[in-house]
2 protein chains.
Amino acid sequence: MQKKGNKYGVHRVIEPRGLMTQAARKIDNTMEICSNEILCDVTALNIDSASFTQIYGACKKDLDQTAQAILDIVQERGKMQNPVTGSGGMFIGTVAQIGDDLKGRIDLKEGDKIASLVSLSLTPLKISKIKAIHPEIDRVEVEAQAILFESGLYAKLPDDMSEELALAALDVAGAPAQTARLVQAGNSVLILGGAGKGGMLCCCEAMKRVGPAGRVVALVICQEDAELLKSMHLCHEAIVASATEPMDVLDKALAANGGKEYDLSVCIVNVESCEMASILPVRDGGTVYFFSMATNFAKAALGAEGVGKDITMIIGNGYTKGHAEITLSELRENRQLREYFQKKYI
Amino acid sequence: MQKKGNKYGVHRVIEPRGLMTQAARKIDNTMEICSNEILCDVTALNIDSASFTQIYGACKKDLDQTAQAILDIVQERGKMQNPVTGSGGMFIGTVAQIGDDLKGRIDLKEGDKIASLVSLSLTPLKISKIKAIHPEIDRVEVEAQAILFESGLYAKLPDDMSEELALAALDVAGAPAQTARLVQAGNSVLILGGAGKGGMLCCCEAMKRVGPAGRVVALVICQEDAELLKSMHLCHEAIVASATEPMDVLDKALAANGGKEYDLSVCIVNVESCEMASILPVRDGGTVYFFSMATNFAKAALGAEGVGKDITMIIGNGYTKGHAEITLSELRENRQLREYFQKKYI
């Protein structure tokens, strides 16, 4: 009979004890599952971009050395977590075995093709062979196995789009799903970084939800992006500004909304010091949703106090219930967006 | 006739232009007000603890040198913002003049005694004389003037308690006010860092709001604190653990709540790496409120995703409408808490 493991996988932490699997230096990658784990045959790793760039650079862009470096990390740590960047990535594979306690209780069956939506930095992994490395897309083809914990997230890969397209969208799945939850009919919404991958999906979701009485304004970095977003009907108005210049953003954002402050702003610009530009345009009682990993907690907290803004500031959570389905639906519903993603991100 | 300034004070930024007053190196401290500014006669500065400690140390604990260092900073920058720590503090004073556009529209009149609730790091200040320095409480008695912008926050100092007591509580006013807003009747609430100044006020507010069907559990660092909180009826149960050890916290927190996950956790522990201990005990759909400035944005965002928690994570905002009044009320309503603050923080 299979033993039951901790739902977060803590039973696999080797050292230091007491930490979670992501914070641990080394985890147990024995490919024998507990009753609440899922064993997967892995065909490819999508290494996190920061991690791949670091390893590939340190190996002087030599593919054999890069392969060996990846094998060494996994051998040493039991997971593909870059010791310099701390980051991981995701895997693609098929379900090989579902633990007894999960069988019938989850929407997976053996043989299903899935992408993991939790980081490789916390996922037990064992690589038997690296078959190819595609440095232009940070992708490593492997023969490997991995374990998903009971709390682990995954998405079944859809039949109606290519694996690459699905992965490009799933990469930023949390943002549109949380935007969908925050936007209400009639809202005015400012999306900082509207022309990026996640930004476009957020714009799309906001446009769907504000309805005829609402307004979606996207902040972008150049006129081309502004015209692109408008031509794709992803916003009512686009403004061109740098999100690091709060007063300029405030002026342009208010002008684009009839002088009124916004109900919600979404910051999905991956550069530092965009906190004030996200806070200033929002009305008292409104919400700022920070999805960018470059967000500084203290700058946001002290910044809102400094300008006397009584707003709710939310930390973007990579996971929201149904986030994979919501994100893939965007691409199914919006042919223009799908074609753009196909062209730009694959 | 008075000119109207920018509501956030941006008209006073000297360099670099385009930034807000907090981020600016130098601001204009001319003591002549715009129509939407307030001029105050300042009697004392409560320097931020990190800032005072740095200056006092650099001056080898010499009071004259410390005084000169403070004068130099304000002379140079137009505001009391420590160039090393970046932080400020608050001032105490009386209202000297209210701009024409604000008169009658705010709850202040000339002569009112107030404490500023926005940071000195963004407040125009001119010191004519330093009268005394009290290093044990980071306090500097001065003859000075300061300006509050239209967006500036302040609290009228109450008649029914000492200035020192009011200031000790106002220092952490954002936390209990936001806790009050987040807690609903019947909720189970976990407060990490319940025995600190802000933590006790949050506990008090949570106890008031959960009602007979709710439950408040405080996490503290030692048994003495646990007994103190229980004896003061600031929680239903207190658990002793380190908030940097998530699995230990999870086990004890669940045990203290009949095995059930919490609706809300409040993290008000001022040490690093308390994100996972705040996230794990909360149910799907629940809320984590991070008030600690030691919170790391990325650790929270990636941490919740890593364990598949669909929760709302909120960045503590130093300002919430009515936060000063809510916090002072705590001390008025709870005699035991007031006596404890009187003894411990003055």
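Refer to the preceding data block for the structure.
Description of the structure in this document.

**Remarks on the overall build of chain A**
Here comes step 1: Tallying secondary structure elements over chain A gives 11 helices and 14 strands in all.
Here comes step 2: Projected onto its principal axes, the C-alpha positions of chain A cover 65 × 40 × 40 Å.
Here comes step 3: Scored against the burial criterion, the 346 residues of chain A give a buried share of 58%.
Here comes step 4: Of the contacts made within chain A by residues no fewer than 6 positions apart, 68% connect residues no fewer than 24 positions apart.
Here comes step 5: Accessible area of chain A: about 13,800 Å², with a carbon and sulfur share of 48%.
Here comes step 6: Positive and negative side-chain charges of chain A, numbering 37 and 44 respectively, have mean locations separated by a distance of 3 Å.

**Some details on the sheet that holds strand 7 (residues 139–148) of chain B**
Hydrogen bonds between backbone atoms are what pair the strands of a sheet, whose relative direction is either parallel or antiparallel.
Residue and element names in this part refer to chain B.
Here comes step 1: The antiparallel open sheet is built from six strands, whose spatial order is 6-7-3-4-5-8. Edge strands, defined here as strands with exactly one partner in the open sheet, are strand 6 (125–134) and strand 8 (154–156). Within this sheet the neighbouring strands show an average axis-to-axis angle of 30 degrees, counted without direction.
Here comes step 2: Here three bridges tie strand 4 (residues 89–98) to strand 5 (residues 113–116), and the two strands are oriented antiparallel to one another. In the sheet register, Ile-92 faces strand 5, and the bridge partner there is Ala-115.

**A closer look at the sheet that holds strand 4 (residues 89–98) of chain A**
Residue and element names in this part refer to chain A.
Here comes step 1: Read from one edge to the other, the open sheet built from six strands follows the order 6-7-3-4-5-8, with strand pairing classed as antiparallel. Of all the strands in the sheet, just strand 6 (125–134) and strand 8 (154–156) have a single pairing partner and so form its edges. Neighbour-to-neighbour, the strand axes of this sheet turn through a mean angle of 30 degrees, independent of strand direction.
Here comes step 2: Pairing of strand 3 (residues 38–47) with strand 4, which is carried by nine bridges, proceeds in the antiparallel orientation. Residue pairing across strands places Val-42 opposite Gly-93, the latter belonging to strand 4.

**So, the interface of chain A and chain B**
Here comes step 1: Counting from both sides, the interface comprises 47 residues of chain A and, opposite them, 48 residues of chain B.
Here comes step 2: Taking both partners together, chain A and chain B bury about 4,100 Å²; carbon and sulfur atoms supply 63% of that area.
Here comes step 3: By the criterion of area lost to chain B, the three top residues of chain A are Phe297(A), Asp310(A) and Ile315(A), representing 18% of everything that side buries.
Here comes step 4: Applying the counting criterion to the chain A and chain B interface returns five salt bridges.
Here comes step 5: Two residues, Lys7(B) and Glu261(A), come together in a salt bridge whose shortest N-O distance is 3.6 Å.

About the thresholds
- Residues numbered from 1 in each chain as written.
- Chains lettered and ligands numbered in written order.
- Predicted model: local features only at pLDDT ≥ 70, side-chain atom pairs only at ≥ 80, totals over all residues.
- Heavy atoms only, no water.
- Helix = DSSP H or I, 4+ residues; strand = E, 2+ residues; numbered from the N terminus.
- Buried < 20%, exposed > 50% of the residue type's maximum accessible area, 1.4 Å probe, protein only.
- Contact = heavy atoms within 4.5 Å.
- Areas by Shrake-Rupley, 256 points an atom, 1.4 Å probe, with all protein chains shown as cover.
- Lys, Arg positive; Asp, Glu negative; His and termini not counted.
- Charge placed at Lys NZ, Arg CZ, Asp CG, Glu CD.
- Pairing = 2+ DSSP bridges.
- Axes fitted to C-alpha atoms, helices over the stretch in contact; angles between N-to-C directions.
- Buried area = accessible area lost by both parts, 1.4 Å probe.
- Salt bridge = Lys/Arg side-chain N within 4 Å of Asp/Glu carboxyl O.

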